[in-house]
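Structure at a glance
Next come the chains, spelled out residue by residue.
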Amino acid sequence: MTVFNSRKTEYKSRLSAIKTNEEVRLAVYVPRSMNCSKAVLCVVKDSEDAVYYDMFWAGMVDDDREKWELHFSATSPGIYWYHFELDTPWGRNFVLNVGNGIGEITAEGGAFQQTVYDENYKTPQWLRGGVIYQIFPDRFYASGEEKHGVRPSRVMRKWGEEPFWAEEQMNGIWNNDYFGGDLKGIEEKLDYLCELGVTCIYLNPIFEANSNHRYDTADYEKIDPLLGTEEDLKSLCNAAKERGINIILDGVFSHTGCDSKYFNMYNNYDSQGAYNSKESPYYPWYKFTDYPDGYQSWWGIKLLPEIIEENEEYRNYICSENGILRRWMRCGIKGWRLDVADELPDIFLDDLRKAVKAEDEEAVIIGEVWEDATNKTAYGIRRRYLLGEQLDSVMNYPFADAVLNFVRFQNADAFFDDVLSIIENYPPEVLHILMNHIGTHDTERAITRLAGDDCEGYGREWQHEHNTLDSYDYLKGVSMMKIASLLQFTLPGVPSIYYGDEIGMQGMKDPFNRACMSWDNINEELLRWYRRLGEIRKGCSAFISGEFEPVFCSHKTIAYKRRGEENEVLVAVNLDDEAQELDIGYEWDNSYAIFGESAICGKITLGPYRYTLLSR
């Protein structure tokens with residue numbers, strides 16, 4: 001029997017994180033037959049002792065249930081875990097979380113999470129209601145302009161060829177094939193991005209490095225010469241800003257390349273690197289175990305020696321007034337996406353936020369965290385990314401999994417559980433600027449994950465053989481992409497398009513998901529769909545910070561609404577083989593059907609694999 005439900009307002013007045021000193025009303029509904037004489041709220045903040053709060057009797061609800069309630073607040077940010085305890089003539093009973101936010105009287109279950117964040121926490125407003133577009137710079141568009149200072153060892157490829165994937169293709173040098181995409185090329189395509197409704201471009205790393213992905217930074221102070229110059233970045237930022245688009249860069253601060261001016265393993269730089277001498281100013285940055293060839297590296301990859309981010313000199317180099325962060329912000333960028341943010345210690349993230357916000361309070365800081373970032377544990381401690389002093393947002397992998405798994409496997413209950421868990425745990429200030437992708441440079445292309453074979457556990461040779469969908473699966477994948485993107489564009493947060501997804505590009509994992517943008521092979525149907533979704537977001541206040549509420553959930557069919565200050569929208573999707581009738585309420589009878597069926601007598605009927613989007 002349900003005694004408590006953290007996802008319904010009659011039990012919990014705030015279905016989200018709360019600010020410090022903000023009250024939330026909690027109520028339990030106890031069977032009268034239990035003869036409950038006392039109800040208690042038990043709260044445990046991480047690493048602290050349990051605190052018990054007596055609840056007061058609030059009367060009978062009906063003939064069979066009575067209500068006990070109290071108001072809870074906290075004065076310090078943190079993650080608080082709570083459950084309820086009931087005294088009866090038969091002893092003490094526990095109300096625990098049995099899943100989906102439901103509390104039952106049981107001996108087996110868990111605690112409920114209440115996130116409490118700093119009441120002064122503010123996140124950038126400009127990102128709300130917008131659209132992010134992620135670009136892998138080498139593969140988006142090549143301007144053809146001549147470049148200077150490019151290493152002759154780089155292997156230049158013809159645009160559109162398949163990226164090298166086999167060891168024999170690379171002559172022992174991984175990720176050394178380039179297609180010539182550059183910053184000027186991105187600038188030339190800004191009007192294309194405007195038509196998609198893009199308001200923010202996220203660029204994978206652009207600093208000098210010696211791989212095509214550039215996550216092995218060689219010089220934080222220099223743009224990779226194959227991508228252009230500092231002036232090119234300034235020009236891109238200015239041209240984008242004129243179109244209402246902001247640029248954010250990828251910050252890779254947990255490691256550098258071994259072939260860098262800081263480490264300098266191969267003596268390709270004039271500097272005295274940490275590998276060259278213990279007297280190097282960069283030597284204290286790295287974690288040597290047996291100098292010089294024994295050192296800690298990112299995930300054991302020797303090309304990527306790890307940085308000691310706690311090192312004061314390194315933190316100053318990155319975070320000081322004239323450090324790397326603020327230097328590039330003065331070129332016109334509007335923030336940073338932080339690579340492997342969960343591997344950056346608190347002291348570094350604290351300094352980073354101070355530096356970024358000192359330069360521009362409205363600059364955004366987005367962390368790469370693959371799990372629920374509110375309760376993530378790393379470095380042996382609970383992290384405080386989203387409590388007010390570190391990140392503004394994260395890459396929303398839990399939402400991506402919820403969307404893709406629902407469209408592929410049609411489990412409505414699992415979809416709502418995943419979505420509501422994030423809504424429940426994340427501060428609203430974060431929720432509405434979450435980076436809601438369904439594919440990135442680290443995952444399969446969305447259409448491949450939806451309609452292709454599962455590549456988990458298979459190597460590159462197998463992925464190469466299964467990299468292209470047959471014509472039937474591709475057409476099916478396009479239909480699935482339309483449904484997945486409809487969900488992506490209407491959930492709380494900001495949809496993020498990985499370049500090429502909007503035109504139907506396919507691909508397994510790296511490097512197949514990093515192919516050149518197929519400008520000559522565009523799926524026009526899908527592109528028109530994405531442009532329409534972008535238009536809808538621009539004209540709808542509900543997507544800025546509208547509340548999310550489930551309306552219908554049955555097996556393979558869902559409906560939910562977003563309520564904004566000026567309008568309300570309803571999204572309904574039926575992934576069943578048979579038509580389904582959804583009871584959505586009479587208030588939707590006079591609504592406008594942007595897509596799909598209209599409501600009649602409080603109901604809509606959706607055919608198999610159909611969807612609707614209503615606005616009122």
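Scope of this entry: the structure provided in the associated data block. What you are looking at is a predicted structure, and each value in this text was computed from that prediction instead of being measured. Positions within a chain are numbered from 1, following the residues in the order the chain's sequence is written. The model is predicted, so local features are restricted to residues of pLDDT at least 70 and side-chain atom pairs to those at 80 or more, both for listing and for counting; the totals for chains, interfaces and linings are taken over all residues. Calculated side-chain values reflect all of the structure's heavy atoms, with hydrogen atoms and water omitted.

Structural notes on the overall build of the chain
Going along the chain from the N terminus, every DSSP run of H or I of four or more residues is numbered as a helix, and every run of E of two or more is numbered as a strand. The helix and strand tally for the chain stands at 15 helices and 34 strands. For this measure, only C-alpha atoms enter the radius of gyration; the expected value for a globule follows 2.2 Å times N^0.38, where N is the number of residues. On C-alpha atoms alone, the chain measures out to a radius of gyration of 26 Å, which is about the 25 Å that the 2.2 N^0.38 rule sets for 616 residues. Its C-alpha atoms put the chain at 85 × 55 × 45 Å along the principal axes. Within the chain, the fraction of its 616 residues that count as buried is 60%. To measure how exposed things are, a 1.4 Å probe is used in the Shrake-Rupley method; for residues, cover is taken only from the protein chains shown. Counting every atom, the chain has about 24,700 Å² of accessible surface; 45% of that belongs to carbon and sulfur. The buried label applies to any residue whose accessible area, calculated with a 1.4 Å probe on protein chains only, is under 20% of its type's maximum; exposed applies above 50%, and partly exposed to all values in between.

Quick notes on the sheet that holds strand β25 (residues 393–394)
Between any two strands, pairing holds if DSSP finds at least two bridges. Across the sheet, which stays open at both edges, the 8 strands sit in the order β25-β22-β21-β18-β15-β12-β27-β26 with parallel pairing between neighbours. The open sheet terminates on both sides in strands that have one partner only, identified here as β25 and β26 (435–437). Alignment of strand β15 (residues 200–203) against strand β18 (residues 246–251), held across 4 bridges, turns out to be parallel. Paired with Leu203 across the two strands is Leu249, which belongs to β18. Packed on one face of the sheet, helix α4 (residues 230–242) meets β15 and β18 and runs near 140° to β18. Contact definition: two residues touch when any of their heavy atoms are within 4.5 Å. Axes here refer to lines fitted to C-alpha atoms; in helices the fit is confined to the stretch in contact. Angles between the N-to-C directions go from 0 to 180 degrees.

Re helix α9 (residues 412–425)
When the terminal C-alpha atoms of α9 are compared, their 20 Å separation across 14 residues agrees well with the 20 Å that a helix rising 1.5 Å per residue should span. Of all the residues in α9, the buried ones are Ala412, Phe415, Phe416, Val419, Leu420, Ile422, Ile423, Glu424 and Asn425. Those residues of α9 hidden inside the fold are in contact with β11 (112–117), α8 (397–409), α10 (428–431), α13 (471–490), β28 (547–554) and β29 (557–563). Measuring from the backbone nitrogen of Asp413 back to the side-chain oxygen at the start of α9 gives 3.2 Å, which picks out Asn411 as the cap. Under the convention used throughout, the expected extent of a helix is 1.5 Å for every residue step, that is, one less than its residue count. Two N or O atoms count as a polar contact when they lie within 3.5 Å, although within protein this holds only if one can serve as hydrogen donor and the other as acceptor, and sequence-adjacent residues are included solely when both atoms are side-chain atoms.

A closer look at the packing of aromatic side chains
Here a pair means two rings of Phe, Tyr or Trp (six-membered ring of Trp) with centres within 6.5 Å. Their orientation is stacked below 30 degrees between planes, edge-to-face above 60, and tilted elsewhere. Considering all chains together, one arrives at 52 aromatic pairs under this definition. Their ring planes at 10° and their centres at 5.7 Å tell us that Phe263 and Phe288 sit as a pair that is stacked. Of the two residues, Phe263 is situated in the loop between β18 and β19 (288–290) and Phe288 in strand β19; the sequence distance between them amounts to 25 residues. Through pairs of rings, three or more aromatic residues link up here, namely Phe207, Tyr220, Phe253, Tyr262, Tyr282, Trp285, Tyr314, Tyr317, Trp328, Trp336 and Phe348. A ring is considered to have a charge above it if a Lys NZ or an Arg CZ atom is located within 6 Å of its centre and within 35 degrees of its normal. It is Lys189 that lies over the ring of Tyr141; its NZ or CZ is 4.6 Å from the centre. Here Arg616 stacks its cationic end above the ring of Trp588, 5.1 Å away from the centre of that ring.

Digging into the pairing of strand β22 (residues 364–367)
Alternating positions in β22 separate into two faces, Val364 and Ile366 on one and Ile365 and Gly367 on the other, with burial throughout. With 4 bridges joining them, strand β21 (residues 335–338) and β22 adopt parallel strand pairing. Looking at β22, one finds that Leu338 is bridged to Gly367. Note on handedness: a clockwise path from strand one over the helix to strand two, with the strands aimed away from the viewer, defines a right-handed crossover. Handedness of the crossover is the feature at issue here: the chain leaves β21, passes through helix α7 (residues 346–359), returns alongside β22, and the resulting connection is right-handed. Bridge count for β22 against β25 is 2 bridges, and the pairing is parallel. Its bridge partner being in β25, Gly367 is matched across the sheet by Val394.

With respect to the nonpolar core
Core analysis: the biggest nonpolar cluster contains 133 residues, and Tyr133, Leu193, Phe253, Trp336 and Phe415 have the highest contact counts within it. With 9 residues, the top contributor of residues to this core is α13. For Phe253, the contacting residues outside a window of four places in its chain are Tyr220, Ile307, Glu309, Tyr314, Ile318, Leu325, Trp336, Leu338, Leu344, Phe348 and Leu352. In this structure, Tyr11, Tyr29, Val30 and Trp68 belong to the second largest nonpolar core, which totals 27 residues. To define a nonpolar core, start from buried Ala, Val, Leu, Ile, Met, Phe, Trp, Tyr and Cys residues and group those joined through side-chain atoms within 4.5 Å.

Regarding the pattern of salt bridges
What counts as a salt bridge is simple: a side-chain nitrogen of Lys or Arg found within 4 Å of a carboxyl oxygen of Asp or Glu. Evaluated as defined, the whole model comprises 59 salt bridges. A salt bridge links Arg449 to Asp401, with the shortest nitrogen-to-oxygen separation between them at 3.0 Å. Highlighted residues: Arg449 in helix α11 (residues 446–451) and Asp401 in helix α8, separated in sequence by 48 residues. A single network of salt bridges, built from pairs that share partners, joins Asp219, Glu221, Glu230, Glu231, Lys234, Lys261 and Arg327.

Quick look at the packing of α8 against α13
A pair of packed helices can be characterised by two numbers: the angle between their axes and the separation between those axes. One can describe the packing of α8 onto α13 by two numbers: an axis separation of 10 Å at closest approach and a directional angle of 145°. The element α8 and its partner α13 pack so that their crossing is right-handed. Here Val403, Phe406, Val407 and Arg408 of α8 come into contact with α13, specifically with Met480, Ile483, Ala484 and Leu487. Split into classes, the residues belonging to the contact of α8 with α13 amount to 7 nonpolar, no polar and 1 charged. By the definition used in this description, the sense in which the near helix is turned from the far one sets the handedness, with an anticlockwise turn below a right angle giving left-handed and a clockwise turn giving right-handed. Gly counts as polar in this scheme, as do all residues outside two lists: the nonpolar Ala, Val, Leu, Ile, Met, Phe, Trp, Tyr, Cys and Pro, and the charged Asp, Glu, Lys and Arg.

Section: the sheet that holds strand β7 (residues 65–72)
In any sheet, the strands associate via hydrogen bonds between backbone groups, in a parallel or an antiparallel arrangement. What the 3 strands build is an open sheet, ordered β3-β7-β6; its pairing is antiparallel. Edge positions in the sheet fall to β3 (24–31) and β6 (56–60), since each has one partner strand and no second. The mean angle between the axes of side-by-side strands here comes to 30°, regardless of whether they run parallel or antiparallel. As paired strands, β3 and β7 are joined by 8 bridges and run antiparallel to one another. The residue of β7 that forms the bridge with Pro31 is Arg65.

Some details on unusual backbone geometry
For the peptide bond that leads from Tyr291 to Pro292, omega is 0°, which places it in the cis range. Topologically, Pro292 is positioned in the loop between β19 and β20 (294–295). That bond from Asp510 to Pro511 is cis: its omega, 5°, falls within 30 degrees of zero. Following the sequence through the fold, Pro511 ends up in the loop between β27 (494–498) and α14 (524–538). Not every positive phi belongs to a glycine, and Asn267 is a case in point at roughly 55°. Tracing the chain through its elements places Asn267 in the loop between β18 and β19. One non-glycine residue, Tyr609, adopts positive backbone phi at about 55°. Structurally, the position occupied by Tyr609 is in the loop between β33 (603–606) and β34 (610–615).

Geometric descriptors of this kind do not, in isolation, establish any biological role.
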